[in-house]
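Architecture and fold: a report
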Amino acid sequence: MKDQLNSLRASTVALTEQTFDLKTLSDSRIRILGRKGELTSVLRGLKDLPIEERSAVGKLANQIKADLESLFDTREAYLRDELERTQLALESIDITMPGRRLPLGRSHILNRVTQELVDVFSGLGFQLAEGPEVEIDYYNFEALNMPKNHPARDMQDTFYFSENVLLRTHTSPVQIRTMEKCKPPVKVICPGKVYRRDADVTHSPMFMQIEGLWVDKRVSFSDLKGVLTAFAREYFGDRLALRFRPSFFPFTEPSAEVDIQCVICGGSGCRTCSFTGWLEILGSGMVDPTLYKFVNYDPDIYSGFAFGLGIERVAMLKYGIPDIRLFYENDVRFLSQF
Ligand code: PHE
């Protein structure tokens, strides 16, 4: 029986050493040390031993049982350790790997073009001014020499909150607001959103304009031509030809529509310029002296000019964009090109 016990110990040493996973180890422990295990079945022979041997063999049996238990315990601790080590190795982070790049947004093409335009006019001495998009009738029409029932209001039908409160149809009300607040000289550039009841390939119910206003002593039509020519050449190209056509706006007199030589065909005629060689880009004129009465400027001392241009139109020409609706559909495939 001593031999049986010793050989059980020897075989268990070998067995644990060759066990590499916890499940198998725990199965073996039950098979050897469990209630119906191999050790128990060896110990069953104890009662058949002569009485004088029993206590010595009993002692040995206890010793072996303790040894076996410690064999399993040690192996189990080792395997658990090993498992943790491999798991840690798997989960370790390689801090030399490059990071994942966060997608970077960008400003909308219309904001970019607006900024470019403001930059050009800043270079010509204009300061930034802004006004509200929800405007009152007085600033949008009345003080711009368009009394109620004036036929020019027809072209600027808009969205009304009440009879007197509306979404502004152009950036020109900022002219009045600026002059009301500041004594001349005023030299401002006013970008912003405007609204009209209008929608097709080149018209959107919401669009953007940029307004310019320069009033001082002796500002003349030559200054208007000079400033707008400098702007157009800076923005569209050095040698660009411009054309000033007589026009009409209730708030300027005289008024001129400004065309630039077609930036697509260079003036020889194409679809963009309807085969005329010219592109209309803005409306302008000398501030009608009637306006000065509204803002308490003396028309005998001060004169000035104003202009307004559509930002989408400029962006479409500059970047060859065929449809105004693309600006507002927010398709990133379109927006990310700029
Ligand atoms: N406000 C005019 C429009 O929207 C443009 C304009 C501005 C014309 C300033 C002359 C002077 O049509």
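Description of the structure in this document. (Residues numbered from 1 in each chain as written. Predicted model: local features only at pLDDT ≥ 70, side-chain atom pairs only at ≥ 80, totals over all residues. Heavy atoms only, no water.)

**Observations regarding the pattern of salt bridges**
Tallied over the full model, the rule gives 18 salt bridges. With its nearest N and O atoms 2.7 Å apart, the salt bridge here joins E135 to R177. Pair noted here: E135 is in strand 2 (residues 134–136) and R177 is in helix 7 (residues 173–181), with a separation of 42 residues, a long-range link. You can call R177 partly exposed: its relative accessible area is 24%. Across the salt bridge formed by R153 and E142, the nearest N and O atoms sit 3.7 Å from each other. Of this pair, R153 sits in the loop between helix 6 (137–140) and strand 3 (165–167) while E142 sits in the loop between helix 6 and strand 3, and the two are eleven residues apart along the sequence. Classification of R153 as buried rests on a relative accessible area of 14%. For E142, a relative accessible area of 27% corresponds to the partly exposed category. A network of salt bridges, in which partner residues are shared, links R29, D73, E76 and R80. (Salt bridge = Lys/Arg side-chain N within 4 Å of Asp/Glu carboxyl O. Helix = DSSP H or I, 4+ residues; strand = E, 2+ residues; numbered from the N terminus. Buried < 20%, exposed > 50% of the residue type's maximum accessible area, 1.4 Å probe, protein only.)

**Considering the layout of surface pockets**
A volume near 1300 Å³ is recorded for the largest pocket. Around the largest pocket, the lining comprises 44 residues; the ones closest to its centre are H203, E280, I281, G310 and R313. Broken down by secondary-structure element, the contributors of at least two residues to the lining of the largest pocket are strand 5 (206–217), strand 6 (242–249), strand 7 (252–261), strand 8 (278–287), strand 9 (302–310) and helix 10 (311–319). Per-class residue counts for the lining of the largest pocket are 19 nonpolar, 17 polar and eight charged. (1 Å grid on protein atoms, 1.4 Å probe; cavity = no way out; pocket = protein on both sides within 12 Å on 5 of 7 lines; lining within 4 Å. Points joined across faces, edges and corners; volume = space filled by probe spheres on them. Nonpolar A, V, L, I, M, F, W, Y, C, P; charged D, E, K, R; others polar.)

**Regarding helix 2 (residues 22–33)**
Its twelve residues place the ends of helix 2 16 Å apart at the C-alpha level, agreeing with the 16 Å of an ideal helix rising 1.5 Å per residue. Listed as buried for helix 2 are L25, S28, I32 and L33. On an axial view of helix 2, the arc spanned by its buried residues comes to 100 degrees, and they lie on one face. Residues of helix 2 that are exposed and point more than 90 degrees away from the buried face comprise K23 and I30. (Expected span 1.5 Å × (residues − 1). Arc of directions from axis to C-beta.)

**Some points on the site of the ligand**
Close to the ligand lie 14 residues; H170, S172, R196, Q209 and E211 are nearest. H170 places a side-chain nitrogen or oxygen 3.0 Å from a nitrogen atom of the ligand. In this structure, Q209 approaches the ligand through a side-chain N or O atom, which is 2.9 Å from an oxygen atom. Computed on the free molecule, the ligand has an accessible area of 320 Å², of which 91% lies beneath the protein chains in the complex. With respect to the pocket detection grid, the ligand is positioned in the largest pocket. (Near = heavy atom within 4 Å. Polar contact = N/O pair within 3.5 Å; in protein donor to acceptor, adjacent residues only side chain to side chain. Areas by Shrake-Rupley, 256 points an atom, 1.4 Å probe, with all protein chains shown as cover. Sits in = over half its atoms within 2 Å of the grid points.)

**Quick word on the side chain of T252**
Counting through the fold element by element, T252 comes out in strand 7. In terms of polar contacts, T252 uses its side chain to reach the side chain of S255, at 2.6 Å. Those residues in contact with T252 that lie beyond four places of it in its chain are S284, G285, M286, V287 and D288. (Contact = heavy atoms within 4.5 Å.)

**A short note on the nonpolar core**
F231, F305 and F327 are the most contacted members of the largest nonpolar core, which has 45 residues in total. Excluding residues within four positions of it along the chain, F231 makes contact with L117, V120, F121, L124, I281, L282 and L309. Grouped together as the second largest cluster of nonpolar side chains are 24 residues, A129, M146, A152 and V186 included. (Core = buried A, V, L, I, M, F, W, Y, C linked by side-chain atoms within 4.5 Å.)

**Considering the sheet that holds strand 5**
Judged by pairing direction, the sheet is mixed, and its seven strands sit side by side in the order 1-4-5-9-8-7-6 without closing on themselves. With one partner strand each, in any of the chains shown, strand 1 (127–128) and strand 6 form the two edges of the open sheet. Alignment of strand 1 against strand 4 (residues 186–195), held across two bridges, turns out to be parallel. By the bridge assignment, L128 is partnered in strand 4 with I189. (Pairing = 2+ DSSP bridges.)

**Observations concerning helix 7**
Within helix 7, the full set of buried residues consists of P173, V174, Q175, I176, T178 and M179. Looking at the buried side of helix 7, the elements it contacts are strand 2, helix 6, strand 4, strand 5, helix 9 (289–295) and strand 9.

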